[in-house]
Structure formats: C-alpha cells, structure tokens
Amino acid sequence: MKCISVSQPFADLIISGKKTIELRKWNTNFRGEFLIHAPIKISLMDCKRLKINNKLLTGVIIGKAELYDVKKYNSLEEIKKDKKLHFSSKNFQGKIYGFKIKNAKPLRIPIPWKGRLGLFDVELAKTRIKNKDIIADIIDEEYRYQWIGHH
C-alpha cells in the first residue's frame, strides 16, 4: 500500500478529517487509498499557531485516507483561498500541488514505521512484528472498528 509522511500536527489534522488538502512541490498520478505516516519531526511553531497540544504520535503510521485528485496552484492567492483546507502558513513559490484527500480514518493501533520522501510502498507483512497472527489481529480489529463505527 502507498504511504506518505506528513509532519505533525498536520498528520493528525488529516486523520481527523479537518485537513483535506496536503500541499506538495511535486505532482503524482497516484489515486486511491494510502497510509499516513507521522515522522519524528513535530512542527512546534505550527502546533502553537494552530493551538494544538504538541504531545502527538510520531514515528508511526497513524491512519489512512483516499487521494482522489490533485489541484495545481498557479498563484499565492489560490493557495491562500484554500487555507482552511490545508492549514499551511508557508509562503510558497513556484509550482505547488494540492493533494485532495477524503475518507480519512485513524488506525486504532499505530504501526511503528520509518518514513521516506514522496509516496512510498509499505508492506504490512514486513513490519517488525514477527508474529503473523498479531498482524492479522491488528487488521481484523481495524475492519471491525470501522464496520461498527458505520452501523
């Protein structure tokens, strides 16, 4: 499954459904469900600006979402118009792309993982958990949680 690293507090904003656009300097043709990784780095300045407690999960996959479209921003004004969707405070220059996200959900049990740049592949069977039954239990628990949460 594809995965993307998003620094905190923005990873939490995505899985809570508040952040629906992730800004990047690169484009992608990928569409579909992907995992959200929260790297070790926490932007303390953004936590303070957004009034979010900086005791956030890091170094783990914390959720999943669906990338359904990419918007190309041609001006700073366009980026500012969507501020309530991406929460960024940076002054971007050059090409900027907004990954449009929907159906974000947190994982009940975060998965320890080392992030990478760009969209990268994660194979859950290769996690540090040696017991395949535990992995199956984690995945089964996640599906049960989602099913119960929608019924």
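This is a predicted model, so every value here is computed, not measured.

*Asks:* Tell me about the overall build of the chain, residues and numbers included.
*Replies:* Along the chain, the regular secondary structure elements total 5 helices and 6 strands. Each helix and strand of the chain, ordered N terminal to C terminal, gives the series β-α-β-β-α-β-α-α-β-β-α. Long-range pairs, those at least 24 residues apart, make up 81% of the contacts in the chain between residues at least 6 apart in sequence. Summed over all atoms, the accessible surface of the chain reaches about 9,600 Å², with 54% contributed by carbon and sulfur.

*Asks:* Can you break down the pairing of strand E1 (residues 2-5) residue by residue, with the values?
*Replies:* The two faces of the sheet receive side chains in turn, since in a regular strand these alternate between them. In this sheet, strand E3 (residues 32-38) lies alongside E1 in parallel orientation, the contact comprising 4 bridges. For Lys2, the partnering residue across the bridge sits in E3 and is Phe34. Sheet topology places E1 next to strand E6 (residues 119-121); 3 bridges connect them, and they run antiparallel. Bridging from a neighbouring strand, Lys2 pairs with Asp121 of E6.

*Asks:* Mind laying out the pattern of salt bridges, listing which residues take part and the relevant values?
*Replies:* Summed over all chains, the structure comprises 5 salt bridges. A salt bridge links Lys2 to Asp121; the shortest N-O distance between them is 3.1 Å. On the criterion of sequence distance, the pair formed by Lys2 in strand E1 and Asp121 in strand E6 is long-range, its members being 119 residues apart. We note a salt bridge from Arg49 to Asp46, for which the minimum N-O separation is 2.9 Å. With Arg49 and Asp46 both in helix H2 (residues 44-49) and 3 residues apart, the pair spans about one turn of that helix. Overall, Arg49 belongs to the partly exposed group, its relative accessible area being 32%. Residues participating in the shared-partner salt-bridge network are Lys19, Glu22 and Arg24.

*Asks:* Residue-level account of unusual backbone geometry, with values.
*Replies:* Note that the residue after Gln8, namely Pro9, is joined by a cis bond; omega there is 10°. The topology assignment puts Pro9 in the loop between E1 and helix H1 (10-15). With a phi angle near 65°, Phe87 is a residue other than glycine that sits in the positive phi range. Within the secondary structure layout, Phe87 lies in the loop between helix H4 (83-86) and strand E5 (96-112).

*Asks:* Explain the environment of Gly118 to me, and be specific about the residues and the numbers.
*Replies:* Looking at the element boundaries, Gly118 is found in the loop between E5 and E6. If sequence neighbours within four positions are ignored, Gly118 has contacts with Cys3, Ile4 and Trp26.

*Asks:* Kindly report on the side chain of His37, identifying the contributing residues and their values.
*Replies:* By secondary structure assignment, the location of His37 is in strand E3. The exposure class of His37 is buried, given its relative accessible area of 1%. At a separation of 2.8 Å, a polar atom in the side chain of His37 contacts the side chain of Ser5. Not counting chain neighbours up to four residues away, the residues in contact with His37 comprise Cys3, Ile4, Ser5, Val6, Gly59, Val60, Ile61, Trp113, Lys114, Gly115 and Phe120.

*Asks:* Account for the sheet that holds E6, with residues named and values stated.
*Replies:* Think of a sheet as strands paired side by side through backbone hydrogen bonds, with each pair either parallel or antiparallel. Taken in spatial order, the 6 strands of this open sheet run E2-E5-E4-E3-E1-E6, and their pairing is mixed. In the strand order of this sheet, the two ends are held by strand E2 (21-24) and E6, each with one partner. Ignoring which end each strand starts from, the neighbouring axes of this sheet average 45° apart. Of the pairings in the sheet, the one linking E3 to strand E4 (residues 60-73) comprises 7 bridges and is antiparallel in character. Among the inter-strand pairings, His37 is bridged to a residue of E4, identified as Ile61.

Criteria and thresholds
- Residues numbered from 1 in each chain as written.
- Predicted model: local features only at pLDDT ≥ 70, side-chain atom pairs only at ≥ 80, totals over all residues.
- Heavy atoms only, no water.
- Helix = DSSP H or I, 4+ residues; strand = E, 2+ residues; numbered from the N terminus.
- Contact = heavy atoms within 4.5 Å.
- Areas by Shrake-Rupley, 256 points an atom, 1.4 Å probe, with all protein chains shown as cover.
- Pairing = 2+ DSSP bridges.
- Salt bridge = Lys/Arg side-chain N within 4 Å of Asp/Glu carboxyl O.
- Buried < 20%, exposed > 50% of the residue type's maximum accessible area, 1.4 Å probe, protein only.
- Polar contact = N/O pair within 3.5 Å; in protein donor to acceptor, adjacent residues only side chain to side chain.
- Axes fitted to C-alpha atoms, helices over the stretch in contact; angles between N-to-C directions.

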